[in-house]
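# Fold and contact review
For reference, the chains in residue letters:
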Amino acid sequence: MDETPISRGFRSRRQEQAPNNRVPPGQYVTTDFPVLSAGPTPQTKLQSWNFALQLGASLLGRWNWAEFEALPQSTAKKDIHCVTKWSKLDTTWQGVTFDDILKSVGLAESPAPYIMAHCDGGYTTNIPVADLIGGKGMIATRYEGSPIPPSHGGPARLLVPRLYFWKSAKWVRRIRFMEQDQRGFWESLGYHNYGDPWKEQRYDGD
Amino acid sequence: MAIRGKNNAMMATEAAAGPVRRLNWQLAHVRDIVVETYRVKSVVLDVTDWQGHLPGHHVDIRLTAEDGYQAQRSYSIASPPEDELLKLTVERVNDGEVSPYLVDDLRLGDEFELRGPIGGYFVWTVATRGPLWLIAAGSGIAPLIAMLRHRAKRKVRTPALLLYSSRSLEDVIYRDELDAMARADPDLRIVHTLTRKQPNGWNGHRGRIDRALLAEACFPPEQAPNTFICGPTPFVEHVADLLVELRHEPFRIKTERFGPSGG
Amino acid sequence: MAENVSSLVLDGNAAAGLLQEIFVPEITTAQVECGGCDHTAPIGSLQLYMSGMGAVLRCSHCDGLVMRAARTAHGRWLEMKGARCLRFSGDMAADRQC
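Every residue gets a number counted from 1 within its own chain, in the order that chain's sequence is written. Naming scheme: in the order in which they are written, chains are lettered from A and ligands are numbered from 1. Note on the predicted model: pLDDT of at least 70 is required for a residue's local features to be given, and 80 or more for side-chain atom pairs to be given and counted; whole-chain, interface and lining totals, by contrast, use all residues.

Looking only at helices and strands, chain B has 6 helices and 12 strands in total. We take the radius of gyration over the C-alpha atoms and set the globule estimate at 2.2 Å times the residue count to the 0.38 power. A globule of 263 residues ought to have a C-alpha radius of gyration of about 18 Å, and chain B, at 18 Å, matches this closely. Principal-axis analysis of the C-alpha atoms places the extent of chain B at approximately 50 × 40 × 30 Å. The exposure label follows from counting other C-beta atoms within 10 Å of a residue's C-beta, where the C-beta atoms are placed from the backbone and the thresholds are 20 or more for buried and 12 or fewer for exposed, leaving partly exposed in between. When each of the 263 residues of chain B is scored for burial, the buried share is 45%. A sequence separation of at least 24 residues applies to 72% of the contacts in chain B between residues at least 6 apart. Think of it this way: any DSSP run of H or I at least four residues long counts as a helix, any run of E at least two long counts as a strand, and we number them from the N terminus. Contacts here follow a simple rule: the backbone-placed C-beta atoms of the two residues must lie within 7 Å.

By a widely used convention, the size of an interface equals the accessible area lost when the partners come together. Tallying the contact residues gives 25 residues for chain B and 24 residues for chain C. Elements with a contribution of two residues or more to the side of chain B that touches chain C: β6 (111-118), α6 (233-245) and β12 (253-257) of chain B. Looking at which element gives the most residues to the side of chain B that touches chain C, the answer is β12 of chain B, with 3 residues. Each residue gets one label: Ala, Val, Leu, Ile, Met, Phe, Trp, Tyr, Cys and Pro are nonpolar, Asp, Glu, Lys and Arg are charged, and the others, such as Gly, are polar. Of the residues belonging to the side of chain B that touches chain C, the class tally is 11 nonpolar, 8 polar and 6 charged.

The subject of this paragraph is the sheet that holds strand β3 (residues 40-42) of chain C. Residue and element names in this part refer to chain C. The antiparallel open sheet is built from 3 strands, whose spatial order is β3-β2-β8. The open sheet has two free edges, formed respectively by β3 and β8 (83-87), since each of these has just one partner strand. Adjacent strand axes in the sheet meet at a mean angle of 25 degrees when their direction is disregarded. In this scheme, strands are said to pair when DSSP sees at least two bridges between them. Here strand β2 (residues 31-34) pairs with β3 via 3 bridges, running antiparallel. Axes here refer to lines fitted to C-alpha atoms; in helices the fit is confined to the stretch in contact. Angles between the N-to-C directions go from 0 to 180 degrees.

This part covers the sheet that holds strand β7 (residues 124-128) of chain A. Residues and elements named next belong to chain A. The strand order across the open sheet built from 5 strands is β3-β2-β11-β6-β7, with neighbouring strands paired in mixed fashion. Strand pairing shows two members of the sheet lacking a second neighbour, β3 (58-64) and β7, which therefore form its edges. Going from strand to strand, the sheet's axes swing by 15 degrees on average, the running direction of each strand aside. With 6 bridges joining them, strand β6 (residues 114-119) and strand β11 (residues 172-178) adopt antiparallel strand pairing. By the bridge assignment, Met116 is partnered in β11 with Arg176.

The next point concerns the confidence of the model for chain B. All names here are of chain B. The predictor rates its confidence in each residue with pLDDT, a number between 0 and 100. In the predicted model, chain B carries a mean pLDDT of 92, and 91% of its residues have values of at least 70. Contacts for the low-pLDDT stretch residues 1-16, under 50 throughout, to residues beyond four places or in other chains number 29 contacts. Interface scoring of the predicted complex returns ipTM 0.91; its pTM is 0.92.

Before going further, it helps to spend a moment on the interface of chain B and chain A. Taken together, the contact pairs 14 residues of chain B with 11 residues of chain A. Contributions of two or more residues to the side of chain B that touches chain A are made by β3 (58-64), α2 (99-105) and β6 of chain B. Looking at side-chain class alone, the side of chain B that touches chain A contains 7 nonpolar, 1 polar and 6 charged residues.

Here the focus is the domain arrangement of chain B. All names here are of chain B. Just so you know, the domain bounds were taken from an automatic or database domain assignment. Taken domain by domain, chain B holds domain 1 (6-120) and domain 2 (124-257). Contact with domain 1, which involves 18 residues of that partner, is made by 16 residues of domain 2. Those elements that provide at least two residues to the side of domain 1 that touches domain 2 are β1 (26-37) and β5 (86-91). Residues belonging to the side of domain 1 that touches domain 2 are distributed by class as follows: 8 nonpolar, 7 polar and 3 charged.

The next thing to look at is the pairing of strand β8 (residues 160-166) of chain B. For a regular strand, side-chain orientation follows a simple rule: the groups alternate between the two sheet faces. Residues and elements named next belong to chain B. When you tally the buried positions in β8, you get 6 out of 7 residues, the bulk of the element. With 6 bridges connecting them, strand β7 (residues 132-137) and β8 associate as parallel partners. When the sheet's bridge partners are listed, Trp133 is paired in β8 with Leu161. Read from β7 through helix α3 (residues 141-153) to β8, the crossover connection turns out right-handed. Examined bridge by bridge, β8 and strand β9 (residues 188-194) share 7 bridges and lie parallel to one another. With strands facing away from the observer, any crossover in which the path from the first strand over the helix to the second runs clockwise is taken as right-handed.

The next thing to look at is the nonpolar core. To count as a nonpolar core, a set of buried Ala, Val, Leu, Ile, Met, Phe, Trp, Tyr and Cys residues must be joined through C-beta atoms within 7 Å. Counting 132 residues, the largest nonpolar core has Ile139 of chain A, Leu134 and Leu144 of chain B together with Ala15, Leu48, Leu57 and Val66 of chain C as its most contacted members. Of all the elements, α3 of chain B adds the most residues to this core, at 7 residues. Both domains that furnish three or more residues to this core are identified here as domain 1 (6-120) and domain 2 (124-257) of chain B. Residues contacting Leu144 of chain B, with those up to four places away along its chain left out, are Leu134, Ala136, Leu162, Phe228 and Cys230 of chain B.

Turn by turn, an α-helix covers 3.6 residues, leaving residues three or four places apart pointing in a common direction. To estimate the expected span of a helix, count its residues, drop one, and scale the result by 1.5 Å. Between its first and last C-alpha atoms α3 of chain B spans 18 Å; for 13 residues at 1.5 Å apiece the expected length is 18 Å, and the two agree. All buried positions along α3 of chain B are accounted for by Ile141, Ala142, Pro143, Leu144, Ile145, Ala146, Met147, Leu148, Arg149, His150 and Arg151 of chain B.

As a further point, take the pairing of strand β2 (residues 40-47) of chain B. Residues and elements named next belong to chain B. In terms of burial, β2 is largely enclosed, as 7 of its 8 residues are buried. Between β1 and β2, which follow one another and run antiparallel, lie 2 residues. Relative to β5, β2 runs antiparallel, the two sharing 6 bridges. Bridge pairing links Val40 to Glu91 in β5.

Structurally, the position occupied by Gln51 of chain B is in the loop between β2 and β3. For Gln51 of chain B, a count of 18 C-beta atoms within 10 Å translates into the label partly exposed.

Right, let's get into unusual backbone geometry. Cis rather than trans, the peptide bond between Gly154 of chain A and Pro155 of chain A has omega equal to 15 degrees. Within the element layout of this structure, Pro155 of chain A appears in the loop between β9 (146-147) and β10 (157-159). The amide bond that connects Gly116 of chain B to the next residue, Pro117 of chain B, takes the cis arrangement and shows omega of 5 degrees. Relative to the elements of secondary structure, Pro117 of chain B occurs in strand β6. Here Tyr174 of chain B, not a glycine, exhibits a phi torsion of approximately 60 degrees, which is positive. Mapped onto the elements, Tyr174 of chain B comes out in the loop between β8 and α4 (175-184). Positive phi outside glycine occurs at Asp38 of chain C, with the angle close to 70 degrees. Looking at where Asp38 of chain C falls in the secondary structure, it is placed in the loop between β2 and β3.

Printed below as a string of structure tokens:
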């Protein structure tokens, strides 16, 4: 069709925000917290949960739940932006910053420029380390003061609020350092490799 | 080549069963709006180049606002292939974006984009052998009524059973039509259950569909019924699990889950 | 806040619109063999997770990832590493198993 026909009287119920310093272009603000998933919700018990840092074949660190909870805890209030266009402002998270994880295994800096996050259920996403250090990323275990429910990624999820929320991988279990960047689950199916919401980098080719 | 109308019913079903053409967006024109219940309406559409469909097929519709905003949803086709016009049955979902527009704002003469028919997996025709067992909750009745309307138009004697769960009598979609169908057809049995509210003197079932009801209102597994379950995801999964426990063959059970809100 | 994710699962049939933008023959009745557990089933019967980002179809026996599809601003993507083979029959009797 040359011209898409207009449906008389139909309009969006969502208020798209004029871009301002809180809401990236093309997003609308919601007070809900939509649950989006690519698979069944893993139901990992805390007693079998562990989290690992990996470089090549080496394990740089591994923590069980008690050990992970004993790491320095930080709280962050952040805005989050999903590529499906919803944004949620002032969300509060608690967990361990990426900086503190590196410190706890005696690393002053990251051993490689990129990471791949590996999660229960098989989900993966790739992130440059530069977007995780300096307080920019954490492994979160609490949302609004309570343990993160499984549907929202608990027991622990990655939190990288500066990038589209698909990068804040739910059910994270392992961070694998990479010398070369590799594409994760959505990045290998047409989504942008980096995903900066402020540049509207939703899709590969944007 | 447009194939429509009751004289071409056989050709319509065969055309729809043939090689699938490239799926294009077409224009659908609203020719009638039928009130089914206090929150459900059927929209009757004239689709310019409609090539026919099979009972159980669905369509995608796409609405475009003046500012270019678009929303897309899927709806089962409630009309049988023997009907000239296409009928979609829509339940108003309170915080929905599309269903309130279709149920409350749509007018005769309006138009929107539509593509289909799609979803040949969830299809039944009178050419299929074996009894027909239909299990629905709420608006999940839509694809199943297309099957029953088709069966009635073709006047076949295929044994059929509809088990239909609704919140209350006011929520039963197509109530009068279903009653009339069952009265006129000794090979069709319809069993209602009302889950939240029952009228005084109600002799039918109450509460959700459970193992006991499925064991009583059924075709036994040995008769290998072709079974279609449609409605909200938790309902469909619960019923499908019970059927497997009752020894029905999984591959004869087809499900169409509507997601959390029921469409 | 905690919405039940299992109520977000649909049937592969609900991805028909997106998949028919990619496949020409009827895709929901095509039989697919899961690369993870060898179970063969019609695509219409797979477990579908539609997250708004794309369609993710999983085996109903082992939950293994069978296929993924997405429509983006720049085209359509399909990945089927998790499928061993796909079979399209010429026959529209959708309830017949191969």
